[in-house]
Amino acid sequence: MLANAVYTHTISELFANYTNLLKSILPHFNQWLTTVFAAGMEEILFRFIILSLLIYNGVNRYLAMLFSSVLFAMVHLQYNLYVLGHIVQIGTALSMLYLIFRNLGVAIGMHAAHNYIIDADHSFQETNYTPHSFMEVLQDNVTVSIVCCLVILLWIYTQYIRPRLQKQQISL
């Protein structure tokens, strides 16, 4: 009887601890699920459909990246012009990643990570967030800005430097 009481008490404690753990994780899981879902839907629309169709139909890839990034920013009109400029920058970096790796999963992953970082910084969620310059937006999002710069450097390497290096190796 004592063993049964200890066993029942231990199981109920475990269940209570498990329930508390789920309650503490669930809001974060819900945030991640929403973040990944939103990023996935936006990437499918702006990179996979719009960007790919433009390039497939002969539009210059730089114009296609700019056009899809501007459309991407237009979906986020709740922010002011400086934040929209930053969103065009993010959209262009995501377009570059999609074209470099030819993999939508990479763009979705980076987009979801970006959204999660932005959600962690609640200043963007405030309706009165009104930066007064593009530099202020970049300073508020240093991590995202650094990642965008790294993506641009990766683009330059894959599109210009690596092909020239490969051409030099072939001619030797």
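Scroll up for the structure.
Small disclaimer: the values here were computed from a predicted structure and weren't measured.

### Some details on the nonpolar core
Ranked by size, the top nonpolar core spans 29 residues in total, and within it L51, M65, I87, I90, Y98, L99 and W155 carry the most contacts. For this core, the secondary structure elements donating two or more residues are α1 (2-56), α2 (61-74), α3 (81-101), α4 (104-120) and α6 (142-171). For this core, the leading source of residues is α3, giving 12 residues.

### A short note on α2
Given a rise of 1.5 Å per residue, 14 residues ought to cover 20 Å, and the 20 Å separating the end C-alpha atoms of α2 matches this to within 8%. What α2 keeps buried is the set A64, M65, S68, S69, F72 and A73. Taken down its axis, α2 places every buried residue within 165° of arc, on the same side. At the N-terminal boundary of α2, the capping side chain belongs to N60, with an oxygen 2.7 Å from the backbone nitrogen of Y62.

Conventions we followed
In this numbering scheme, every chain counts its residues from 1 along its sequence in written order. Thresholds applied to this predicted model are a pLDDT of at least 70 for local features of residues and 80 or more for the giving and counting of side-chain atom pairs; totals over whole chains, interfaces and linings are not thresholded and use all residues. Values reported for side chains reflect all heavy atoms of the structure, with hydrogen atoms and water molecules removed beforehand. Working definition of a nonpolar core: buried Ala, Val, Leu, Ile, Met, Phe, Trp, Tyr and Cys residues. They are joined through side-chain atoms within 4.5 Å. Relative accessibility decides the category of a residue: with a 1.4 Å probe and only protein chains considered, values under 20% of the type maximum give buried, values over 50% give exposed, and everything between is partly exposed. Every helix listed is a DSSP run of H or I at least four residues long, and every strand listed is a run of E at least two residues long, numbered separately from the N terminus. A helix is expected to reach a length of 1.5 Å times the quantity of its residues less one. Each C-beta atom gives one direction from the helix axis, and the arc is the one those directions make. Residues adjacent in sequence count toward polar contacts only when both atoms are side-chain atoms; beyond that, a polar contact is any pair of N or O atoms within 3.5 Å, and within protein one must be able to donate a hydrogen and the other to accept it.

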